[in-house]
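Coordinate analysis (summary)
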Amino acid sequence: MMNRREWLTSSAALAGAATAAAGQSGKGKKPIAISSPNGLAACAKAVQVMQAGGDTLDAVIAGVNILELDPNDTSVGYGGLPNEEGEVELDASVMHGPTRRAGSVAAIHGIKTPSKIAKLVMDHTTHVMLVGEGATKFAVAHGYQREDLLTEKARTAWLVWKESLRSPGGFNNWTSFDKNLRADAEPPFERLRESFPNVNEETLQWAWHMANHPTYGTINCLGLNEKGEISGVTTTSGLAWKIPGRIGDSPIIGAGLFVDPDVGGAGSTGVGELNIRVAGGHTIVEAMRRGVHPREAVLEALKRVSKLFNDDKPMLSKLGIEFYALRTDGEYAAGSLWKSTGDYQAFAVNDGGESRLEKPVFLYEK
Ligand code: GLY
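Residue numbering note: each chain is counted from 1, following its sequence as written. For a predicted model such as this one, the threshold for reporting local features is a pLDDT of at least 70, and the threshold for listing and counting side-chain atom pairs is 80 or more; totals across whole chains, interfaces and linings nevertheless cover every residue. As a rule here, side-chain values cover all heavy atoms of the structure and leave hydrogens and water aside.

Overview of empty space enclosed by the protein
Note the cut-off: Lining residues are defined by having an atom within 4 Å of a point belonging to a cavity or pocket. Those points lie on a 1 Å grid over the protein atoms alone, cavities being sets where a 1.4 Å probe fits but cannot get out and pockets being open sets with protein on both sides within 12 Å along at least five of seven lines. Grid points are joined across faces, edges and corners, and a volume is the space filled by probe spheres set on the points.
One pass over the structure, following the stated rule, counts one cavity of 30 Å³ or more. Reported here for the largest cavity is a volume of approximately 40 Å³. Looking at the largest cavity, the residues that line it are Tyr216, Thr218, Thr236, Gly238, Leu239, Arg246, Gly248, Asp249, Ser250 and Gly270.

See the structure below:
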């Protein structure tokens, strides 16, 4: 349970979000796209496509393709941080509101744009979800190239992670005896500079940070056109250094994404395992169906996440999760478990022109 101060703080945030969100889009109004904060360009693209008369799902997929194809984005698509074996393994799902259909791929390898393959599953099969090698073969059958998705930057971060692992005795097979013996005695950057002489300092510092703070990345993007049609997509390279075969919430219909054309859509970023356990996307859409505003709906899902740990805040303080919700009348919101979770203290919105960042509501403040 939140204490009184937390509730007041949260309520104040709600009031701010309400002002920002007030009736800007919806049926007969202008197209709108919202996403996680990494989606400023994605939302702009999605709105452009919708303004040109494009389908809402084509619009949000075109948006997230920007990140999937960007080698410098290390949490989505090509260039994503790999699994523990150094292989990039991607998850994505799509839902097309107008036809109430869904498609998804999980643990797919070698294809830069898993969101497009999720749509292919939706359009060209009777299935909803394909995983692993079956998903890659399906993409290849449809003319996609199997490519190496591991960029030099992501490979460096993976190797730095491998070097950072130590037995209780301090040993690691991925470094020399000399460096093993020095491991406790000096800051890691001396050793890392020796191990990666061609990698610049900025990349090394980043790689060390990623090795010690593996991310969940992800983009969720929801798009609503002027006819009130809505679709959504969620795509990710998932948890960095995961066990091969680990699937997060992003490809799970009802968790990382859910769209009901009668109500709206919702999606998530952050620790996917938490979201799967509360079916967050579905929970939010069902709350909105009861007439709850998106900002209260995302808080409802966050409270369910909190309950997974009996509202144990010290334990929850190690976890991060964010939800995004867009109703078919154009009302929207995002919510974060914690007020201070770095980059995720915002979400992206575009309803024409430049995209902007807005503040999410939050359940707890540290
Ligand atoms: N939310 C992304 C993941 O857990 O893989």
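Some details on the sheet that holds strand β2 (residues 90–96)
Quick note on the threshold: Any two strands with at least two DSSP bridges between them are considered paired. Numbering goes from the N terminus for both helices and strands, where a helix is a DSSP run of H or I of at least four residues and a strand is a run of E of at least two. What counts as an axis is a line fitted to C-alpha atoms, over the stretch in contact for a helix, and the angles between N-to-C directions run from 0 to 180 degrees.
Spatially, β4-β3-β2-β6-β5-β1-β11-β12 is the arrangement adopted by the eight strands of the open sheet, whose pairing is mixed. If you trace the sheet from one side to the other, it starts and ends with β4 (129–131) and β12 (356–358), each paired once. When strand polarity is set aside, the average angle formed by the axes of neighbouring strands in this sheet is 15°. Relative to β12, strand β11 (residues 347–350) runs antiparallel, the two being bridged by three bridges. Each bridged residue has a counterpart across the sheet, and for Ala348 the counterpart in β12 is Leu357.

Some remarks on the site of the ligand
The criterion, for reference: Distances are taken per atom, and a residue is near a molecule or strand as soon as one of its heavy atoms is within 4 Å of it. Any pair of N or O atoms that falls within 3.5 Å is considered a polar contact. Within protein, one atom must be able to donate a hydrogen and the other to accept it, and sequence-neighbouring residues count only if both atoms are side-chain atoms. Areas reported here follow the Shrake-Rupley algorithm with a probe of radius 1.4 Å; residue values treat only the protein chains shown as occluding. Think of it this way: a molecule belongs to a cavity or pocket when more than half its atoms come within 2 Å of the grid points there. Following the grouping adopted for this structure description, the nonpolar residues are Ala, Val, Leu, Ile, Met, Phe, Trp, Tyr, Cys and Pro, the charged ones are Asp, Glu, Lys and Arg, and the polar ones are all others, Gly among them.
Close contacts around the ligand come from Tyr216, Thr218, Gly238, Leu239, Arg246, Gly248, Asp249, Ser250, Gly270 and Gly272, and that covers them all. In this structure, Gly270 approaches the ligand through a main-chain N or O atom, which is 2.7 Å from a nitrogen atom. Contact distances for the ligand include 2.9 Å between an oxygen atom and a backbone N or O atom of Gly272. For the ligand, whose unbound accessible area comes to 200 Å², protein coverage reaches 100%. Here the ligand occupies the largest cavity. Taken together, the residues of the shell around the ligand break down into two nonpolar, six polar and two charged.

Examining the pairing of β2
Rules: Relative accessibility thresholds used throughout: buried, under 20% of the residue-type maximum; exposed, over 50%; partly exposed, between the two (1.4 Å probe, protein chains only).
Of all seven residues making up β2, seven are buried, and the element is well covered by its neighbours. Burial of β2 is two-sided: the residues Leu90, Ala92, Val94 and His96 facing one way and the residues Asp91, Ser93 and Met95 facing the other way are all buried. Note that β2 and strand β3 (residues 101–108) share six bridges and pair antiparallel. Across the sheet, Ala92 pairs through a bridge with Val105, a residue of β3. As consecutive antiparallel partners, β2 and β3 are separated by four residues, and within that stretch Arg100 has a phi angle of approximately 55°, a positive value. For β2 and strand β6 (residues 230–236), the ladder comprises six bridges, and the chain directions are antiparallel. Bridge pairing links His96 to Ser231 in β6.

Overview of helix α4 (residues 114–124)
Since the α-helix turns once every 3.6 residues, residues separated by three or four places project in the same direction. The condition that has to hold: By definition in these notes, contact holds between two residues if any of their heavy atoms fall within 4.5 Å.
Among the residues of α4, those classed as buried are Pro114, Ser115, Ile117, Ala118, Leu120, Val121 and Met122. For α4, the elements touching its buried residues are α3 (56–68), β2, β3, β4, α5 (132–141) and β6.

Digging into the packing of helix α11 (residues 280–289) against helix α12 (residues 294–307)
Basically, it comes down to this: Working rule for angles: under 35 degrees goes down as roughly parallel, over 145 as roughly antiparallel, 65 to 115 as roughly perpendicular, anything else as oblique. It is the rotation of the near helix from the far one that decides the hand of a crossing: anticlockwise by less than a right angle makes it left-handed, clockwise makes it right-handed.
The geometry of α11 relative to α12 is characterised by a closest axis approach of 8 Å and an angle of 140° between their N-to-C directions. The pairing of α11 with α12 is recorded here as oblique in orientation. Here α11 and α12 pass one another in a crossing that is right-handed. Here α11 contributes Gly280, Thr283, Ile284, Ala287 and Met288 to the contact with α12, which in turn contributes Pro294, Ala297, Val298, Glu300, Ala301 and Arg304. Considering only residue class, the contact of α11 with α12 consists of seven nonpolar, two polar and two charged.

Comments concerning the nonpolar core
For clarity, the cut-off: Within this scheme, the nonpolar core is defined by two criteria: the residues are buried Ala, Val, Leu, Ile, Met, Phe, Trp, Tyr or Cys, and they are joined through side-chain atoms within 4.5 Å.
In terms of nonpolar packing, the biggest core is built from 42 residues, with Ile34, Ile284, Phe323, Leu326 and Leu337 touching the most fellow members. With six residues, the top contributor of residues to this core is α12. Ignoring anything within four residues of it in the chain, the contact list for Ile284 reads Ala266, Ala297, Val298, Ala301, Phe323 and Ala325. Ranked by size, the runner-up nonpolar core spans 32 residues in total, among them Ile111, Leu130, Phe138 and Trp158.

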